[in-house]
Amino acid sequence: MFTVICLMLSGVVVGFLLRRWRMPFVSRVVTALVWVLLFLLGVEVGGNPRVVGSLATLGVEALVLALAGVAGCAVACKILFKDKNAR
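Residues numbered from 1 in each chain as written. Predicted model: local features only at pLDDT ≥ 70, side-chain atom pairs only at ≥ 80, totals over all residues. Heavy atoms only, no water.

1. Some points on the overall build of the chain
Next, step 1: When helices and strands are tallied, the chain shows four helices and zero strands.
Next, step 2: In the chain, the succession of helices and strands from N to C terminus is α-α-α-α.
Next, step 3: Over its C-alpha atoms the chain spans a radius of gyration of 22 Å, topping by over 25% the 12 Å that the globule rule assigns to 87 residues.
Next, step 4: Accessible surface for the chain amounts to roughly 8400 Å². Of this, 75% is attributable to carbon and sulfur atoms. (Helix = DSSP H or I, 4+ residues; strand = E, 2+ residues; numbered from the N terminus. Rg over C-alpha atoms; globule rule 2.2 N^0.38 Å. Areas by Shrake-Rupley, 256 points an atom, 1.4 Å probe, with all protein chains shown as cover.)

2. A short note on the packing of aromatic side chains
Two aromatic rings, taken as a pair, are described by how far apart their centres are and by the angle between their planes.
Next, step 1: On inspection of all chains with the given rule, the structure shows zero aromatic pairs.
Next, step 2: We note Arg 19 situated over the ring of Phe 16; from NZ or CZ to the ring centre the distance is 4.0 Å. (Phe/Tyr/Trp six-rings, centres within 6.5 Å; stacked < 30°, edge-to-face > 60°. Lys NZ or Arg CZ within 6 Å of the ring centre and 35° of its normal.)

3. Things to note about a nonpolar patch on the surface
Next, step 1: Taken together, the side chains of Trp 21, Met 23, Phe 25, Val 26, Val 29, Val 30, Leu 33, Val 34, Trp 35, Leu 38, Leu 41 and Val 45 make up a nonpolar region of the molecular surface, amounting to roughly 1200 Å² of accessible area.
Next, step 2: Tracing the backbone through its elements, the reader meets Leu 41 in helix α2 (residues 25–46). (Patch = residues over 30% accessible without salt bridge, like charges linked within 9 Å, V, L, I, M, F, W, Y side chains within 5 Å. Salt bridge = Lys/Arg side-chain N within 4 Å of Asp/Glu carboxyl O.)

4. A short note on the state of the cysteines
Next, step 1: As enumerated under the stated definition, the model contains zero disulfides in all.
Next, step 2: This cysteine, Cys 77, is not joined by any disulfide, and Cys 73 carries the nearest cysteine sulfur, 6.4 Å off.
Next, step 3: Exposure remark for Cys 77: the relative accessible area of 42% places this residue in the partly exposed category. (Disulfide = S-S within 2.5 Å. Buried < 20%, exposed > 50% of the residue type's maximum accessible area, 1.4 Å probe, protein only.)

Structure representation (structure tokens):
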């Protein structure tokens, strides 16, 4: 974890030092690297028999969590943003 934080902070420092230079390619490189990382994550998950064996359970749990999150946000919005014209 310390390595990740140090790499991130060093990237911030380098970005700060090079902020006057225009580097339009950086956005495309970052996007490509994110796609590669997602692919490799899929390879890792697909190669793990425990994860593949419990995909149905994980899918149901993910669906329940997503629906609960949406419902909670909807209720919170209803409470926080009451229609001021309604009486």
